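Observations on the model geometry
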Amino acid sequence: MTWDDGPVRGVLPAFVAVAGAFGEAAGAVLFPEERAYVAGAAATRRREFGEVRHCARRALGALGIRPLPLVPGADRAPRWPGGVVGSMTHCPGYRAAAVASRTRLLSLGIDAEPHAPLPAGVLDLVADPVERAALARLARTHPQVHWDTLLFSAKESVFKAWFPLMGSWLDFTDARLRFRPRDAAFDVRIRVPARPASPLPGQSTITPCFTGSWRIARGILATSVMALHSGPATEGGRRERIVRSAGSHVRILHSCRLITVAQPFTVRAGGWSQAH
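For the structure given in this document, a descriptive report is provided here.

**Focus: the overall build of the chain**
The helix and strand tally for the chain stands at 6 helices and 14 strands. The buried share among the 276 residues of the chain stands at 53%. Here the chain displays about 11,600 Å² of accessible surface, and carbon together with sulfur accounts for 55% of that area.

And the structure:
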């Protein structure tokens, strides 16, 4: 395995610790609890499970946290140490993890996919008619990008940032994306209101807006989404925070409450899910 943070590093600010690698992680070792969790899984699944946790422990080490087991909960989402938010991703040839202090972020989602077209029929499951029409236009003006896979990845990153905060599943049609090629960014509107899983100051029900980032490197496409704490600035009557991330400004609107932008997500009837 070659330690190289790859495209995930390019979609996150410096205060987020990232560990990424191309190839297989020959030195990955599982804790007993982790081995028990994947004991009945196929060999490929056990290897991916171990390799991405190898990355996660390396990223946690950058925050001063010693190696510890990272066993998924009943919802199949990773359980991070107290005071930490994080996300993991793996795809053929690449795996990565990103972690940050909860004092800096409310939530974090990353995803990586091979930069290649989606299998036939998948786009119809993950995109609504408006999104499909927009992707067709982008394919004509920016043919070097596989926009269908970018949409697929971005929605996975959105879900990974959404679920820890809200504790609820999203249907694919609950999120609509709009890409901004010049900024290598995208905007997301979650079209259903929801209550946070844990109280957020001053808000009982929120309808989030997400702004995401994406990069392509060495044949891998990566996306990220971050849920930031609200900032003190005011513009147009709305509280907001503007940060510099991956070369573009990311605006987090307090009125929407959220955001910016792994294992590929599993397409299932009615929405998407995660498993790491």
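**Re unusual backbone geometry**
The general pattern is negative phi for most residues beyond glycine and trans for most peptide bonds. At R76, a residue that is not glycine, the phi angle is positive and equals roughly 75°. Its place among the elements puts R76 in the loop between α3 (43–62) and β3 (84–91). If you check the backbone angles, R218 has positive phi at about 55° while not being a glycine. Inspection of the secondary structure puts R218 in the loop between β8 (209–217) and β9 (220–228).

**Some points on the side chain of T149**
If you trace the backbone, T149 turns up in helix α6 (residues 147–166). A relative accessible area of 3% means that T149 is categorised as buried. A polar atom in the side chain of T149 sits 3.5 Å from the backbone nitrogen of L118. Here T149 is in contact with E113, P114, A116, P117 and L118, once residues within four sequence places are set aside.

**Observations concerning the sheet that holds strand β2 (residues 17–22)**
Within the open sheet, the 4 strands sit side by side as β1-β2-β4-β3. Their pairing is antiparallel. Across the chains shown, the open sheet's two edge strands, defined by having one partner strand only, are β1 (2–3) and β3. Sheet topology places β1 next to β2; 2 bridges connect them, and they run antiparallel. The residue bridging W3 from the neighbouring strand is A21, located in β2. In the packing of α3 onto the sheet, the strands contacted are β1, β2, β3 and β4 (94–101), and the crossing angle to β4 comes to about 35°.

**Concerning α6**
Here α6 spans 28 Å end to end across 20 residues, near enough to the 28 Å set by a 1.5 Å rise per residue. A large share of α6 lies buried, amounting to 19 of its 20 residues. Looking at the residues trailing α6, positive phi occurs at G167, about 65°.

**Details of the pairing of β9**
Summarising burial for β9: 9 of the 9 residues are buried, a large majority. Both faces of β9 are covered, namely the face carrying I220, A222, S224, M226 and L228 and the face carrying L221, T223, V225 and A227.

**Examining the side chain of D148**
Here D148 is to be found in helix α6. One buried charged residue, D148, remains without a salt bridge, the closest side chain of opposite sign being R132 at 11 Å. Those residues in contact with D148 that lie beyond four places of it in its chain are P117, L118, L123 and L135.

**Examining α3**
If you check α3, its first and last C-alpha atoms are 29 Å apart, about what 20 residues at 1.5 Å a residue would give, namely 28 Å. Every buried residue belonging to α3 is among F49, G50, E51, V52, R53, C55, A56, R57, A59 and L60, and all of these are buried. Phi for G64, located one or two positions after α3, is positive at around 85°.

How each quantity is defined
Residues numbered from 1 in each chain as written. Predicted model: local features only at pLDDT ≥ 70, side-chain atom pairs only at ≥ 80, totals over all residues. Heavy atoms only, no water. Helix = DSSP H or I, 4+ residues; strand = E, 2+ residues; numbered from the N terminus. Buried < 20%, exposed > 50% of the residue type's maximum accessible area, 1.4 Å probe, protein only. Areas by Shrake-Rupley, 256 points an atom, 1.4 Å probe, with all protein chains shown as cover. Polar contact = N/O pair within 3.5 Å; in protein donor to acceptor, adjacent residues only side chain to side chain. Contact = heavy atoms within 4.5 Å. Pairing = 2+ DSSP bridges. Axes fitted to C-alpha atoms, helices over the stretch in contact; angles between N-to-C directions. Expected span 1.5 Å × (residues − 1). Lys, Arg positive; Asp, Glu negative; His and termini not counted. Salt bridge = Lys/Arg side-chain N within 4 Å of Asp/Glu carboxyl O.

On their own, these measurements won't tell you what the molecule is for.
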